[in-house]
Amino acid sequence: MRQQLSHFLKNRDIHVSPSAILITSGSLQALQLIAGGLLAKGSTILYESPSYIQSVPVFESAGTVTVGLTGKDAITQQIHKHLRTSDAALFYANPTFHNPTGRIWDLAERQQLLATCQQLSLPIIEDDAYYDLWLDTPPPPPLKALDSQGTVLYMGTFSKSMSPGLRIGWVAGPEPVINRLADSKMQTDYGASSISQYVAEQWLSTGINVQVTERIRSALKERRDKVLRYLDAYFTPIATWERPAGGFYIWLKMHQSIPINTLFEKAFQQGILLNPGQIYERNNTQHLRISYAYASMDQMQYGLKKLAEFIRDLQKIL
Ligand SMILES: Cc1ncc(COP(=O)(O)O)c(C=O)c1O
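Residues numbered from 1 in each chain as written. Predicted model: local features only at pLDDT ≥ 70, side-chain atom pairs only at ≥ 80, totals over all residues. Heavy atoms only, no water.

**Digging into the side chain of D147**
Topologically, D147 is positioned in the loop between α6 (143-146) and β6 (152-157). A residue is classified by how much of its surface remains accessible, and D147, at 10% relative accessible area, is buried. Only 3.0 Å separates the side chain of D147 from the backbone nitrogen of T151, close enough to count as a polar contact. Excluding residues that lie within four positions of it along the chain, D147 makes contacts with L114, Q118 and V152. (Helix = DSSP H or I, 4+ residues; strand = E, 2+ residues; numbered from the N terminus. Buried < 20%, exposed > 50% of the residue type's maximum accessible area, 1.4 Å probe, protein only. Polar contact = N/O pair within 3.5 Å; in protein donor to acceptor, adjacent residues only side chain to side chain. Contact = heavy atoms within 4.5 Å.)

Here's what the structure looks like:
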């Protein structure tokens, strides 16, 4: 499995030997192992806010202090500023089709982030769950591909393209770090399921992954375009959004704050489950995360139309 993965990562311009890779039970476990096994209690973790729902709680439950930085344009300045006044142990990044915003860092932004972190000796965890799911043009190389100093720990997963239930993810980085994480993994669960690893190895070695990923991309692209049309039809007067170039998500920004608990209840009664902004960023009352990856297009059209009506009604009352 590790040999196949080492080969697979070359497509992303990442050159790591099999012994510099640890197979994990999904990439969430990679985060847990890093948080629990590498970080000292009380150390500070910087991250781009909003952030993947499981990322900040994992760091916090390992006893670290988390500091969310906002607006990717200013993130390198914020890192500089933060490190002038205090220490930080690492920066957690999700630069390609970010969950929940769908944003992507371009090559110059990646180079600048990496140069800043390396200049300040700040290691990076790069969480690259969505890299293969580009819809228009392939993304720039991962930070890990640009990393000549070995300061990036690179996490990935097959949950988004093959199967989330298989629980196969990985972390790649300097061998001493990987060996330490492997010890923690051994103490946690003795290793990832052999059957899952066998399936994942076959997925790569037979080349099926290439065909299936292409099929997923074209289905996702169709879904994204339809959902963008529904948004144009129902949300133009009340919200703004960016067209995602890949991944699963659209980060919808309402012109005004919304009473999120009331909206959640109202939507829930109509069979619509919402992902409000505040589950990705404390005190966020202006955003909703829309995923075009799972529900049927009929459900999406119904849900978005109803939601827009509810939001307009709630805003009239305010
Ligand atoms: C950014 C990001 N990282 C990691 C994960 C975890 O994926 P898994 O543990 O299934 O590999 C997810 C899943 O939603 C995600 O969006």
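**Focus: the site of the ligand**
Around the ligand there are 13 residues in total, and D127, Y130, T157, S159 and K160 lie nearest to it. Between the ligand and D127, the relevant distance is 2.7 Å, taken from a nitrogen atom to a side-chain nitrogen or oxygen of the residue. In this structure, an oxygen atom belonging to the ligand sits 2.7 Å away from a side-chain N or O atom of R167. When the ligand sits alone it has 400 Å² of accessible area, and the protein chains cover 92% of it. Among the cavities detected, the one that contains the ligand is the largest pocket. Broken down by element, the shell around the ligand gets its largest block of residues, three residues, from helix α2 (residues 26-37). When its residues are assigned to classes, the shell around the ligand shows four nonpolar, six polar and three charged. (Near = heavy atom within 4 Å. Areas by Shrake-Rupley, 256 points an atom, 1.4 Å probe, with all protein chains shown as cover. 1 Å grid on protein atoms, 1.4 Å probe; cavity = no way out; pocket = protein on both sides within 12 Å on 5 of 7 lines; lining within 4 Å. Sits in = over half its atoms within 2 Å of the grid points. Nonpolar A, V, L, I, M, F, W, Y, C, P; charged D, E, K, R; others polar.)

**Things to note about unusual backbone geometry**
Glycine aside, negative phi is the norm for most residues, and most peptide bonds take the trans geometry. In this model, S49 is joined to P50 through a cis peptide bond whose omega is 0°. Topologically, P50 is positioned in the loop between β2 (44-49) and α3 (55-61). The residue S121 is not glycine, and still its phi comes out positive at about 55°. Relative to the helices and strands, S121 is located in the loop between α5 (107-119) and β5 (124-127). Its identity as a non-glycine residue notwithstanding, N283 has a phi of 65°, on the positive side. Relative to the helices and strands, N283 is located in the loop between α10 (260-269) and β10 (287-291).

**Looking at the layout of surface pockets**
Of the pockets and cavities examined, the largest pocket occupies roughly 710 Å³. Lining the largest pocket are 30 residues, and of these N99, Y130, K160, F248 and Y249 lie nearest its centre. Per-element tally for the lining of the largest pocket: the top contributor is helix α9 (residues 208-235), with four residues. Counting residues per element, the lining of the second largest pocket draws most heavily on helix α11 (residues 297-317), at six residues. (Points joined across faces, edges and corners; volume = space filled by probe spheres on them.)

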